[in-house]
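Here is what each chain is made of, one letter per residue.
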Amino acid sequence: MPRKSKIVLVTGAGSGVGQSILKALQHSSYTAIAADCDSLAAGLYAASKAYLIPRASSPEFLPRIIEICDREACSLIFCGIEPELPVLARAAQELLSQGFITVVSEREVIELCDDKLSTARFLCEHGFTCPVTLPLAEYDASRLSLPVILKPRKGGSRSLGVFLVKSDEELRFHRTTLDLSNYIVQEYVPGEEYTCGTITFDHNCYGVITMRRVLRDGDTYKAYIVDEPSIREVVRKVAELLNPFGPCNFQLRIKNGQPCIFEINSRCSGTTACRALAGFNEALMCADYLLEGKKPQFQIKPLSFLRYWKEVVVANDQIASLQAEGKITGDGTLL
């Protein structure tokens, strides 16, 4: 049985997703413990307590997670960084047997979302509008005309390794320099981009929030809450079919008047904190649902978000203490 404490572990505290979860929980009844493998991860210094952990690829990763959850009496684990998702998904039942609920989808969902070719096939097979997507090694000009998008089939984040290709010369160059086994070529869909958040349990999507966004270096730079019923309905249907565990993030544009999803992330988002400020707090709703049985409730406010850099100032001796002891205590207010 899961514990009933109000203490939550948030991993990936150096990532935008991890920090966004910390912000979303900051003024709630929950206490967030931060964890990351990098002693310079900003989120570590914004929590009441923080721990260094090994990378997800280390055999010591799970034992360290269990050790921290035991020590701090955590009841819930939020994953804030992509490489940890499959590891935590494989260990979800083991962690649950020890009293910790991991907010992570099933392995099949994580694998499908991580594989952009599989994502496109899943959407198309179920009748949803999606961009034409092919393995780069199988590019066919008769099926997909320029311009096109090249991106890693698996992995990747913040638009790293993504190319907008406008000419045959560019395409030939990239086909000789990229890993053809892990690259897709995708139809370029022009126009405004949207990011949508959902919260889903047992094939029931309890809510959708839609934001029109402007990107800078792959991250949301400006975002605007919008009310688009057609987008909301398509995203709701996909979420209920996919059945992620808790939060899920959808990225889309409009193709021929229809919402066209091109990426799905079965986790919280870098805009989770913005959504919380707009009244759709997916981290808090998940915690309340899983630990207290409260049905997710929200009231979305029409807001705009203009993001900017903010410094987290940390004393050098605090960093040294974390590096030496693997844990620190903070005031939980720096973000």
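As a reminder, the structure under discussion sits directly above these lines.
Okay, so let's go over this structure. Residue numbers here run from 1 along each chain, matching the order of that chain's written sequence. Where local features are concerned, this predicted model is filtered to residues with pLDDT of at least 70; where side-chain atom pairs are given and counted, the filter is 80 or more; whole-chain, interface and lining totals use all residues. Side-chain numbers here rest on the full set of heavy atoms in the structure, without hydrogens or water.

### Some words on the sheet that holds strand β3 (residues 49-52)
1) Next: With mixed pairing, the six strands of this open sheet are ordered in space as β5-β4-β1-β2-β3-β16. Each edge of the open sheet carries a strand with a single partner, namely β5 (101-103) and β16 (327-329). Across the sheet, the mean angle from the axis of one strand to that of its neighbour is 20°, orientation sign disregarded.
2) Next: Strand pairing is assigned whenever DSSP detects at least two bridges linking the two strands. Where helices and strands are cited, they refer to DSSP runs of H or I of at least four residues and of E of at least two residues respectively, numbered from the N terminus. Judged from the three bridges that link them, strand β1 (residues 7-10) and strand β4 (residues 76-78) form a sheet pairing that is parallel. Counterpart to L9 in the pairing with β4 is I77.
3) Next: Residues are treated as being in contact if the distance between any of their heavy atoms lies within 4.5 Å. Orientation is described by axes fitted as lines to C-alpha atoms, over the contacting stretch for helices, and by angles from 0 to 180 degrees between their N-to-C directions. Helix α1 (residues 16-25) rests against β1, β2 (31-36) and β4 of the sheet, and its axis sits at about 160° to β1.
4) Next: Its contacts with the sheet put helix α11 (residues 316-325) on β3 and β16, and the angle it makes with β16 is roughly 140°.

### Thoughts on the state of the cysteines
Among covalent bonds in proteins, the disulfide is the one between the sulfur atoms of two cysteines.
1) Next: Criterion for a disulfide: a pair of cysteine sulfur atoms within 2.5 Å. Overall, the coordinates contain one disulfide when judged by the stated rule.
2) Next: C124 shares a disulfide with C130; S-S distance 2.2 Å.
3) Next: Residue classification places C130 among the buried residues on the basis of a relative accessible area of 6%.
4) Next: Its sulfur unpaired, C248 is 5.3 Å from the next cysteine sulfur, which belongs to C113. Only protein chains enter the accessibility calculation, which uses a 1.4 Å probe. A residue is then buried if its area is under 20% of the maximum for its type, exposed if over 50%, and partly exposed in between.

### Observations regarding the nonpolar core
1) Next: Counting 42 residues, the largest nonpolar core has V10, I21, L44, L76 and F78 as its most contacted members.
2) Next: In terms of residue count, helix α10 (residues 282-292) provides more of this core than any other element does, six residues in total.
3) Next: Every residue in contact with F78, bar those within four places of it in the chain, is listed here: V8, L9, V10, T11, I21, L25, V103, C268, A283 and C286.
4) Next: Counting 24 residues, the second largest nonpolar core, distinct from the first, contains I65, I68, A89 and F100. Only buried Ala, Val, Leu, Ile, Met, Phe, Trp, Tyr and Cys residues count toward a nonpolar core, and they belong to the same one when joined by side-chain atoms within 4.5 Å.

### Quick look at the pattern of salt bridges
Between side chains of opposite charge, a pair can form as their charged atoms come close.
1) Next: Here, a salt bridge means any Lys or Arg side-chain nitrogen found within 4 Å of an Asp or Glu carboxyl oxygen. Enumeration according to the criterion identifies 15 salt bridges in this entry.
2) Next: Between K49 and E72 there is a salt bridge, and its shortest N-O distance comes to 3.2 Å. Of this pair, K49 sits in strand β3 while E72 sits in helix α2 (residues 61-72); the two residues are 23 residues apart in sequence, bridging distant segments of the chain.
3) Next: Residue class for K49 comes out partly exposed when judged on its relative accessible area of 32%.
4) Next: The salt bridge involving E82 is made with R267; its shortest N-O contact spans 2.7 Å. Highlighted residues: E82 in the loop between β4 and α3 (84-90) and R267 in the loop between β14 (258-265) and α9 (272-277), separated in sequence by 185 residues.
5) Next: Classification of E82 as partly exposed rests on a relative accessible area of 28%.
6) Next: Under the relative-accessibility criterion, R267 is labelled buried at 14%.
7) Next: Among the charged side chains, a salt-bridge network with shared partners connects K6, E292 and K294.

### Observations concerning the sheet that holds strand β7 (residues 148-152)
1) Next: Sheet architecture is open: four strands sit in the order β6-β9-β7-β8, paired in antiparallel fashion. Among the strands making up the open sheet, the edge pair consists of β6 (133-135) and β8 (163-165). For this sheet the average axis-to-axis angle between neighbouring strands, irrespective of direction, equals 30°.
2) Next: Pairing of β7 with β8, which is carried by three bridges, proceeds in the antiparallel orientation. The residue bridging V148 from the neighbouring strand is V165, located in β8.
3) Next: Of the strands in this sheet, β6, β7 and β9 (183-187) touch helix α6 (residues 116-125), which is tilted by about 140° from β6.
4) Next: Helix-sheet contacts for helix α7 (residues 168-177) involve β7 and β8, and the interaxial angle to β8 is about 140°.

### A word on the pairing of β2
1) Next: Along β2, five of the six residues are buried, which leaves the element largely enclosed by surrounding structure.
2) Next: Sheet analysis places β1 next to β2, joined by four bridges and oriented parallel. Bridging from a neighbouring strand, I7 pairs with T31 of β2.
3) Next: Across four bridges, the pairing between β2 and β3 is parallel. Looking at β3, one finds that I33 is bridged to K49.

### Describing the packing of aromatic side chains
1) Next: Ring pairs are drawn from Phe, Tyr and Trp, using the six-membered ring of Trp, whenever the two centres fall within 6.5 Å, and their geometry is named by plane angle: stacked under 30 degrees, edge-to-face over 60, tilted for the rest. Within this structure, the stated rule accounts for four aromatic pairs.
2) Next: Between the aromatic rings of F201 and F245, the centroid separation amounts to 5.3 Å while the plane-to-plane angle is 85°, which identifies the pairing as edge-to-face. Of this pair, F201 sits in strand β10 (residues 193-201) while F245 is found in the loop between α8 (229-242) and β13 (246-255), placing the two residues 44 residues apart along the sequence.
3) Next: On the numbers, 4.9 Å between centres and 65° between planes, the contact of F280 with F298 is edge-to-face. Linking F280 in the loop between α9 and α10 with F298 in the loop between α10 and β15 (304-306), this pair joins segments that are 18 residues apart in sequence.
4) Next: The rings of F201, Y206, F245 and Y289 are connected pair by pair, giving a single aromatic cluster.
5) Next: Cation placement over rings: the criterion is NZ of Lys or CZ of Arg within 6 Å of the ring centroid and within 35° of the ring normal. Just above the ring of Y30 sits the side chain of K6; from NZ or CZ to the centre is 4.1 Å.
6) Next: Seen from the ring of Y221, R216 lies directly overhead, with NZ or CZ sitting 3.9 Å from the centre.

Function cannot be read off these values alone, since they describe shape.
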